[in-house]
Amino acid sequence: MSQDAIVMLKDDHKQIKACFREFQKSTTTDARKGKLVEQMVELLTVHTYVENEVMYPRVRELMPDLEDDVLESYEEHHVADVLVMELLPMSPGDERFEAKTTVLIENVTHHIDEEESEWFPKVREGLSRTQLREIGAEIAEARERAPRRPEQPSALKKTIDAVVS
């Protein structure tokens, strides 16, 4: 059975936030923090890809009154992409690793909270269940081809498009 797009994206958000919470625990070791950042990078790369490639363009097309919200979301994704690219070569022992990860967590948490409290309700109200399931099916397909690392060509294209578009 196909899921609706908002349910799928909220599931992503739950996984991402769980990763964030574990990173922020005082008992989490540096080695575990390194692994968690790798997991965050993969989760965020896939998630921003499916939103940028499917969800945002489809909502933009079907609900033009949400144009400003979509553009803001693209920019928030761009900020997360930059932070992720800066985190990639770092290790937990690096001076700014913890601070940079904290800024990433704060920015993404703000984005998730805004999407879930403001944007998703508008989309759910404006689109039919059938439309949300169709978008969900497109998201499932996009997830299969989505990059897992930000340096993969399709992820780099997404980042470049955000800068020049």
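In case you missed it, the structure is sitting above this.
A brief look at the structure comes next. (Residues numbered from 1 in each chain as written. Predicted model: local features only at pLDDT ≥ 70, side-chain atom pairs only at ≥ 80, totals over all residues. Heavy atoms only, no water.)

Along the backbone of the protein there are six helices and zero strands. When the helices and strands of the protein are listed from N to C terminus, the series reads α-α-α-α-α-α. The C-alpha radius of gyration of the protein comes to 16 Å, within 12% of the 15 Å expected for a compact globule of 165 residues. When its C-alpha atoms are laid out on the principal axes, the protein stretches across 50 × 35 × 25 Å. The buried share of the protein, taken over its 165 residues, is 44%. Accessible area of the protein: about 8,800 Å², with a carbon and sulfur share of 51%. Within the protein, one finds 22 positive and 35 negative side-chain charges whose respective centroids are separated by 5 Å. (Helix = DSSP H or I, 4+ residues; strand = E, 2+ residues; numbered from the N terminus. Rg over C-alpha atoms; globule rule 2.2 N^0.38 Å. Buried < 20%, exposed > 50% of the residue type's maximum accessible area, 1.4 Å probe, protein only. Areas by Shrake-Rupley, 256 points an atom, 1.4 Å probe, with all protein chains shown as cover. Lys, Arg positive; Asp, Glu negative; His and termini not counted. Charge placed at Lys NZ, Arg CZ, Asp CG, Glu CD.)

Once that is clear, we can look at the environment of Asn 52. Inspection of the secondary structure puts Asn 52 in helix H2 (residues 30-62). Given a relative accessible area of 8%, Asn 52 falls into the buried group. Separated by 2.7 Å, the side chains of Asn 52 and His 77 make a polar contact. (Polar contact = N/O pair within 3.5 Å; in protein donor to acceptor, adjacent residues only side chain to side chain.)

This paragraph deals with the side chain of His 47. Of note, His 47 is situated in helix H2. Apart from residues no more than four positions distant in its own chain, His 47 is found in contact with Leu 9, Asp 12, His 13, Ile 16 and Glu 115. (Contact = heavy atoms within 4.5 Å.)

Turning our attention to the packing of H2 against helix H3 (residues 67-87). Packing of H2 against H3 leaves a shortest axis separation of 10 Å and a crossing angle of 160°. One element, H2, and the other, H3, form an angle in the roughly antiparallel class. Considering the relative orientation of H2 and H3, their crossing is left-handed. Contact residues: Val 37, Val 41, Leu 44, Thr 48, Glu 51, Asn 52, Tyr 56, Pro 57, Val 59 and Arg 60 in H2; Glu 67, Val 70, Leu 71, Ser 73, Tyr 74, His 77, Asp 81, Val 84 and Leu 87 in H3. (Axes fitted to C-alpha atoms, helices over the stretch in contact; angles between N-to-C directions. Parallel < 35°, antiparallel > 145°, perpendicular 65-115°, else oblique. Left-handed = near helix turned anticlockwise from the far one by under 90°.)

This next bit is on the nonpolar core. Ranked by size, the top nonpolar core spans 24 residues in total, and within it Met 55, Val 59, Trp 119, Val 123, Leu 127, Ile 135 and Ile 139 carry the most contacts. Those elements that place two or more of their residues in this core are helix H1 (5-24), H2, H3, helix H4 (97-126) and helix H5 (129-145). Considering every element that reaches this core, the biggest residue donor is H2, with seven residues. With sequence-adjacent residues up to four places away left out, Ile 135 is seen in contact with Ala 5, Val 54, Met 55, Arg 58, Leu 62 and Leu 127. Listed in part, the 20 residues of the second largest apolar core include Phe 23, Leu 44, Ala 80 and Phe 97. (Core = buried A, V, L, I, M, F, W, Y, C linked by side-chain atoms within 4.5 Å.)

Its location among the elements puts Ser 73 in helix H3. Residue Ser 73 is classed as buried on the basis of its relative accessible area, which comes to 5%. In this structure, Ser 73 is in contact with Tyr 56, His 111 and Glu 115, ignoring residues within four places of it in sequence.

Before going further, it helps to examine H4. Here H4 is 30 residues long and its end C-alpha atoms lie 41 Å apart, about the 44 Å a rise of 1.5 Å per residue gives. At Glu 115, H4 is deflected by roughly 45°, the largest bend along its length. Within H4, burial applies to Phe 97, Lys 100, Thr 101, Leu 104, Ile 105, Val 108, His 111, Ile 112, Glu 115, Trp 119, Phe 120 and Val 123. Here the buried face of H4 lies against H1, H2, H3 and H5. (Expected span 1.5 Å × (residues − 1). Bend = angle between axes of the 7 residues up to and from the residue.)

Shape descriptors only; they carry no functional weight alone.
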